[in-house]
Amino acid sequence: MKLKPNIATSEAGFLFNPATGDSFAANPLAADILARARAGQDAAAIKADILERYDVAPGQLEKDWDDLLAQLRDFNLLA
């Protein structure tokens, strides 16, 4: 997962696309995922940490992960 380089993000989970003027709000977990991805952490490491910290089944995590990617793709935020 890689956001376009011009996408601004905040620790609070706000995303801003300066090319379109669109802004978005991510929940705390999604904001954490995006920050880790932007810092260069790979998807496998992020998912392993989530499975360790949260009571979530691996299958549910994969579904939610795919949903997040689909939303980011739909909003044209991914590189």
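Residues numbered from 1 in each chain as written. Predicted model: local features only at pLDDT ≥ 70, side-chain atom pairs only at ≥ 80, totals over all residues. Heavy atoms only, no water.

Chemist: Give me the pattern of salt bridges: which residues, what numbers.
Modeler: Scanning the model with the defined rule gives six salt bridges in all. Residue R53 pairs with D32 through a salt bridge whose shortest N-O separation is 2.9 Å. Of this pair, R53 sits in helix α2 (residues 43–53) while D32 sits in helix α1 (residues 28–38), placing them 21 residues apart in sequence. Judged by its relative accessible area of 24%, D32 is partly exposed. K47 is the salt-bridge partner of E62, the closest N and O atoms lying 3.1 Å from each other. With a gap of 15 residues between them, E62 in helix α3 (residues 58–74) and K47 in helix α2 connect regions that are remote in the sequence. Salt bridges sharing common partners tie together D32, R36, D49 and R53. (Salt bridge = Lys/Arg side-chain N within 4 Å of Asp/Glu carboxyl O. Helix = DSSP H or I, 4+ residues; strand = E, 2+ residues; numbered from the N terminus. Buried < 20%, exposed > 50% of the residue type's maximum accessible area, 1.4 Å probe, protein only.)

Chemist: Help me get a handle on the packing of α2 against α3, residues and values and all.
Modeler: Contact geometry of α2 with α3 gives a least axis separation of 11 Å together with a crossing angle of 130°. With respect to α3, the axis of α2 lies oblique. The element α2 and its partner α3 pack so that their crossing is right-handed. In this structure, α2 uses A43, I46, K47, I50 and L51 to contact α3, whose residues at the interface are P58, L61, E62 and W65. (Axes fitted to C-alpha atoms, helices over the stretch in contact; angles between N-to-C directions. Parallel < 35°, antiparallel > 145°, perpendicular 65-115°, else oblique. Left-handed = near helix turned anticlockwise from the far one by under 90°. Contact = heavy atoms within 4.5 Å.)

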